[in-house]
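# Structural features, examined
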Amino acid sequence: MQITPEILQNLQNIVGASFVFTDDETRNHYGHDETEDYVFPPSVVVKPASAQEISEIVKVANEYKIPVVPIGGRTGLSGGALSIHQGIGLSTDRLNKIIEIDERNLQVITEPAVITQVLQDTVLEKSLFYPVDPSSRGSCFIGGNVAENAGGARAVKYGVTKDYVLNLEMVLPTGEIIWTGANTLKNSTGYNLTQLMVGSEGTLGIITKIVLKLLPKNSHNVLMLVPFYKAEQACEAVSAIFRAGIVPSALEFMERDAIDWAIKFIEGVNVDIKPEIQAHLLIEVDGNYPDVLMLEAEKIMGVVENFEIDEILFADTEDQKNALWRMRRGVAEAVKSNSVYKEEDTVVPRYELPTLLKGIKEIGNKYGFKSVCYGHAGDGNLHVNIIKADMTDENWKTEVPKGIREIFELTVSLKGTLSGEHGIGYVQKNFMDIAFNATQLQLMKNIKQVFDPNTILNPGKIFPDGL
């Protein structure tokens, strides 16, 4: 996409010349996220500081029919922030303030570029709790979490981003600035534009302010690591724990390779694992009454002891707890450091996890690839990392996509879907026909067209035909 001197001058007039970048280093920096090794630099990077400036930028883009891609913390895994048609890379970096913490109503109003963990730590100082915690919480932006409907380890008890978003200020692709709802816990007034925006992947509007619901913080938690001799039994135990009447605050599954690689990759994590162990469950319960938590932990022990397990590790100190969580959150980076890989984000009803895991391994054998699986087992969300290892470039290019399609077909046949928390973006769009028929896809395209008549906002995402 050619950015003419006239367009460049218009952008500089809006945000100031020092916040418009055309150099290769900056363009490349904002041209990638954490999606495999893709790099799609925008033609120009622009850093606005307000909704009004974004509105003016969008109006220029509409006039000249220039693509605009909202770019947040660039931690995404589906290519949602990639400027695949170049154009304007609209960085939200400067919209990074927590505007208000409403302690009376347990709400926070924030701009989109606040780092998720910063938001969590800030409200925690006031004894408030924002529970959604993606593995990248130390670097991802809260605006990106909203755009992708991010989840995380504690979604099993507390829900995902959509469950906390009350209202949004957004700039429409045509330049108007609107609020989508109200700062209330209940709202049955008209269509739910707020929830339509959550998970829309930057294709329907640019989020500039977010109103989030908060919870009172919990005082205590118990964390245990359960080793299983059979990976499928670890998956079976997930459903059994819920059927026993326990709702953990986190229930994470890690295959043997995932935990081995993470231990090698992350300093300060020491877990002794017997050679025969195939998988682990990392299980947390939280609340305000330690005695109740110990009773729940004992009940969980009673459930998992019905399976072939080794000795359960209880994290006795905060340092041990932090080490185990660093291990879990570091799995993706550990895998990435070991091999070229593709990460898929499957989700099924939790009872179907053993069938999904078994099927993934069978499909890998069929097409000649190895996979490392881990994820938020408590809500049926299994991350599948397909490892290139010693596969030929030709097989990686031709056979792996066939295998991925079969994995998604299996997932949908188990009443699951393509993504639990990563979104569709650029890399999953060609599989959307597995989850939706032509009528469903056309309805979504019609919504996109109403919001974005000139198709300038994050084009080429979600839909197979690149709308």
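Just so it is clear, the structure is predicted and the values come from calculations on it, not from any experiment.

### Section: the nonpolar core
- Core analysis: the largest hydrophobic core is formed by 57 residues, its most contacted members being Phe228, Phe253 and Leu281.
- Per element, the largest residue contribution to this core is eight residues, and it comes from helix α8 (residues 231–243).
- Inspection of this core shows a minimum of three residues originating in each of domain 3 (218–328) and domain 4 (339–453).
- If near-sequence neighbours (up to four positions away) are discounted, Leu281 is found in contact with Met224, Leu225, Val226, Phe228, Ala234, Ala237, Val238, Leu251, Glu252 and Phe253.

### Section: the sheet that holds strand β3 (residues 68–71)
- With mixed pairing, four strands are arranged side by side in an open sheet as β1-β2-β4-β3. With one partner strand each, in any of the chains shown, β1 (20–21) and β3 form the two edges of the open sheet.
- Helix α3 (residues 51–64) contacts β2 (44–46), β3 and β4 (88–91) of the sheet and is inclined by roughly 170 degrees relative to β4.

### Some words on the pattern of salt bridges
- Enumeration over the complete set of coordinates arrives at 26 salt bridges.
- Look at the salt bridges and you will find they share partners, linking Asp133, Arg154, Glu284 and Arg329 into a network.

### Let's talk about the UniProt feature "domain: FAD-binding PCMH-type" (unreviewed entry) in the protein
- Those places that UniProt annotates as "domain: FAD-binding PCMH-type" (unreviewed entry) correspond, in this numbering, to residues 38–217.
- As a span, residues 38–217 carries 22% helix and 23% strand, and end to end its C-alpha atoms are 39 Å apart.

### Thoughts on the pairing of strand β6 (residues 107–110)
- Side-chain alternation along β6 places Gln107 and Ile109 on one buried face and Val108 and Thr110 on a second face that is also buried.
- Bridging between strand β5 (residues 98–102) and β6 involves four bridges; their strand directions are antiparallel. If you follow Asp102 over to β6, its bridge partner there is Gln107.
- Hairpin remark: β5 followed by β6, antiparallel, with four residues in the connecting loop; positive phi at Leu106, about 55 degrees.
- Both β6 and strand β10 (residues 206–213) contribute to a ladder of four bridges, which runs antiparallel. Its bridge partner lying in β10, Thr110 is registered against Ile210.

### Overview of the sheet that holds β10
- Overall, antiparallel pairing links the five strands, which are arranged β5-β6-β10-β8-β9 in an open sheet. Only two strands of the sheet have a single partner each, and these edge strands are β5 and β9 (177–179). Between one strand axis and the next, the sheet turns through 10 degrees on average, direction left out of account.
- In the packing of helix α4 (residues 116–124) onto the sheet, contacts are made with β5, β6 and β10, and the angle to β5 comes to roughly 35 degrees.

### Section: the packing of aromatic side chains
- For the coordinates displayed, the defined rule picks out seven aromatic pairs.
- Ring geometry for Tyr38 and Tyr426: centres 5.5 Å apart, planes at 90 degrees, overall edge-to-face. Taken as a pair, Tyr38 in the loop between α2 (24–29) and β2 and Tyr426 in the loop between α14 (393–413) and α15 (432–435) lie far apart in primary sequence, 388 residues in all.
- Considering the side-chain rings of Phe40 and Tyr426, the 5.4 Å spacing of their centres and the 70 degrees angle between planes classify their relative orientation as edge-to-face. A residue pair is termed long-range when its members are at least 10 positions apart, and Phe40 in the loop between α2 and β2 and Tyr426 in the loop between α14 and α15 qualify at 386 residues.
- Across the ring face of Phe19, the terminal group of Arg94 is positioned such that the distance to the ring centre comes to 3.5 Å.

### Notes on the environment of Tyr289
- Its location among the elements puts Tyr289 in the loop between β14 (279–287) and α10 (290–304).
- The exposure class of Tyr289 is exposed, given its relative accessible area of 61%.
- Spatially, the C-alpha atom of Tyr289 lies 7.1 Å from that of His220, the residues being 69 residues apart in sequence.

### Brief notes about the state of the cysteines
- Counted under the stated rule, the structure contains zero disulfides.
- No disulfide involves Cys373; its nearest neighbouring cysteine sulfur is the one of Cys235, lying 8.4 Å away.

### Re the pairing of strand β13 (residues 250–255)
- β13 sits mainly inside the fold: six of its six residues count as buried.
- Going residue by residue along β13, you find Ala250, Glu252 and Met254 tucked away on one face and Leu251, Phe253 and Glu255 tucked away on the opposite face as well.
- As judged from the six bridges shared by β13 and β14, these two strands associate in the antiparallel manner. Among the inter-strand pairings, Phe253 is bridged to a residue of β14, identified as Leu281.
- With two bridges connecting them, β13 and strand β17 (residues 370–376) associate as antiparallel partners. Bridging from a neighbouring strand, Met254 pairs with Tyr374 of β17.

The rules behind these values
Residues numbered from 1 in each chain as written. Predicted model: local features only at pLDDT ≥ 70, side-chain atom pairs only at ≥ 80, totals over all residues. Heavy atoms only, no water. Core = buried A, V, L, I, M, F, W, Y, C linked by side-chain atoms within 4.5 Å. Buried < 20%, exposed > 50% of the residue type's maximum accessible area, 1.4 Å probe, protein only. Helix = DSSP H or I, 4+ residues; strand = E, 2+ residues; numbered from the N terminus. Domains from an automatic or database assignment. Contact = heavy atoms within 4.5 Å. Pairing = 2+ DSSP bridges. Axes fitted to C-alpha atoms, helices over the stretch in contact; angles between N-to-C directions. Salt bridge = Lys/Arg side-chain N within 4 Å of Asp/Glu carboxyl O. UniProt positions renumbered as here; feature names shortened; annotations may be inferred. Phe/Tyr/Trp six-rings, centres within 6.5 Å; stacked < 30°, edge-to-face > 60°. Lys NZ or Arg CZ within 6 Å of the ring centre and 35° of its normal. Disulfide = S-S within 2.5 Å.

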